[in-house]
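# Chains, contacts and geometry: an overview
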Amino acid sequence: MRVVLQNLTKIFPSRNKKSNEEVVAVNDFTFEIPDGKLIGLLGPSGCGKSTTLYMISGLQKPTSGQILFGDEDVTDLPTEARGIGLVFQNYALYPHMTVKQNILFPLQNLKGADKLSKEEMMERAYNAAKLVQIEDLLDRKPSEMSGGQQQRVAIARALVKMPRVLLLDEPLSNLDARLRLQTREEIRRIQRETGITTIFVTHDQEEAMSISDMIVVMKLGVVQQIGAPQDVYDDPANLFVAKFLGTPPINVFEGTVRGEKLYLAEDCVMNVPGVADQDVFVGIRPEGFEVNPNGAMRCSLNNVEVMGRDASVVSEHPASVNPVVRSIIDSDIRLDLSNKNVSFSLKAHKVFLFNKDTEERIRFEVR
């Protein structure tokens, strides 16, 4: 099911009686979600991603704008008439019911032409449980299950109605690190097997990038960038997006462009063809450094953290906005820790310039 958001806006009234200033949770969001794709809504707390999801579900009414499922305008339809499956962060399972009863519950409320026989309901419930691999746990109650198993029950309950659109609101945030990895892989598998258009809300950029066909990065209710995860990582539109994506995060410096050359403090680190003289923010991905004794970027060496395949060089630079600079290099490269300095050359395609005032991207030709 194709989902179209047209100029979607949600404004909440002020809770401050003195200022009476309204809160714009989502501001003029326009986007078309292709049929059968998994889309990640990504951003920090308060960016408007869950509000967007709730407007798509019908739990919240937009202040303005339209929501279409295919060619059907569902903006004013109640939640139960939209054909959506919704999975909440806290699972929202009925504790007094078994797994089977929890999964059956949405089907038991169907009426009219949609009403199913008992046999049909049982078949659907079993198929949904089998899809999320809990068919052997149908007689258990939620309290007798792990967090990951409860999350699977919640997903099965959402899928049993055969929804047109599946909505997931921070579904992994209550799980430990290993379960989160396992469950996000399961969500990707289930989405591919069912082909259901899925919208996944998270603040965890690693989650969003690992399973999404496309990500939507949001900040303070405004869409910052939309694209395939790797494309957004490799080509951020502004400093916020560059800083939000990536582990370890991007290194940010204060730099100056003079004569189409980029300076960090006194170091002339690379050419930036076509960029006018100005002060800039410079973002360098951790993998954008190459250890080079004759490299133009000179740092004070603090430590080397070996992580198996890679090593993280921790250093300092006078132009760095952050306390330390983190550079990811091959662990086969051995640095002499008795040497207090380390020099790097930079990979031009891993270096980004941003306007000092607007923080928007300044592009240059990579040679």
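Residues numbered from 1 in each chain as written. Predicted model: local features only at pLDDT ≥ 70, side-chain atom pairs only at ≥ 80, totals over all residues. Heavy atoms only, no water.

## Focus on the packing of helix α2 (residues 99-108) against helix α3 (residues 118-131)
Here α2 crosses α3 at 130°, and the two axes come no closer than 9 Å. Taken together, the axes of α2 and α3 are oblique relative to one another. Where α2 crosses over α3, the handedness of that crossing is right-handed. For the pair formed by α2 and α3, the contact residues are K100, I103, L104, L107 and Q108 on the first element and M121, M122, R124, A125, A128 and A129 on the second. Each residue belonging to the contact of α2 with α3 can be placed in one class, and the counts come to 8 nonpolar, 1 polar and 2 charged. (Axes fitted to C-alpha atoms, helices over the stretch in contact; angles between N-to-C directions. Helix = DSSP H or I, 4+ residues; strand = E, 2+ residues; numbered from the N terminus. Parallel < 35°, antiparallel > 145°, perpendicular 65-115°, else oblique. Left-handed = near helix turned anticlockwise from the far one by under 90°. Contact = heavy atoms within 4.5 Å. Nonpolar A, V, L, I, M, F, W, Y, C, P; charged D, E, K, R; others polar.)

## Some details on the pairing of strand β13 (residues 267-271)
A regular strand places its side chains so that they alternate between the two faces of the sheet. Here 4 bridges tie strand β12 (residues 261-264) to β13, and the two strands are oriented antiparallel to one another. Within the sheet, the bridge partner assigned to L264 lies in β13 and is D267. Joining the antiparallel neighbours β12 and β13 is a turn of 2 residues, in which A265 adopts a positive phi near 55°. (Pairing = 2+ DSSP bridges.)

## Comments concerning the side chain of E170
Within the element layout of this structure, E170 appears in the loop between β7 (165-169) and α5 (177-194). Separated by 3.0 Å, the side chains of E170 and H203 make a polar contact. Residues contacting E170, with those up to four places away along its chain left out, are K49, Q89, V201, T202 and H203. (Polar contact = N/O pair within 3.5 Å; in protein donor to acceptor, adjacent residues only side chain to side chain.)

## With respect to the pattern of salt bridges
Overall, the coordinates contain 16 salt bridges when judged by the stated rule. In this structure, the salt-bridge partner of R2 is E32, at a minimum N-O distance of 3.9 Å. Of this pair, R2 sits in the segment before β1 (3-12) while E32 is found in strand β2 (residues 23-33), placing the two residues 30 residues apart along the sequence. The residue R2 makes a salt bridge to D71 at a minimum N-O spacing of 2.9 Å. On the criterion of sequence distance, the pair formed by R2 in the segment before β1 and D71 in the loop between β4 (64-69) and β5 (72-73) is long-range, its members being 69 residues apart. When its relative accessible area of 27% is taken as the criterion, R2 is described as partly exposed. One salt-bridge network, held together by shared partners, links R152, E186, R189 and E193. (Salt bridge = Lys/Arg side-chain N within 4 Å of Asp/Glu carboxyl O. Buried < 20%, exposed > 50% of the residue type's maximum accessible area, 1.4 Å probe, protein only.)

## Describing the sheet that holds β5
Strand order in this open sheet of 4 strands is β2-β1-β4-β5, and the pairing throughout is antiparallel. Lying at the two open borders of the sheet, with one neighbouring strand each, are β2 and β5. Note: β1 against β2, 7 bridges, orientation antiparallel. Along β2, the bridge assignment pairs L8 with F29.

## Here we look at unusual backbone geometry
In this model, T247 is joined to P248 through a cis peptide bond whose omega is -5°. You can see P248 is positioned in the loop between α8 (239-244) and β11 (251-258). With a phi close to 55°, D28 is a non-glycine residue in the positive phi region. Topologically, D28 is positioned in strand β2. Its identity is not glycine, yet E359 carries a phi of approximately 65°, on the positive side. Topologically, E359 is positioned in the loop between β20 (351-355) and β21 (361-362).

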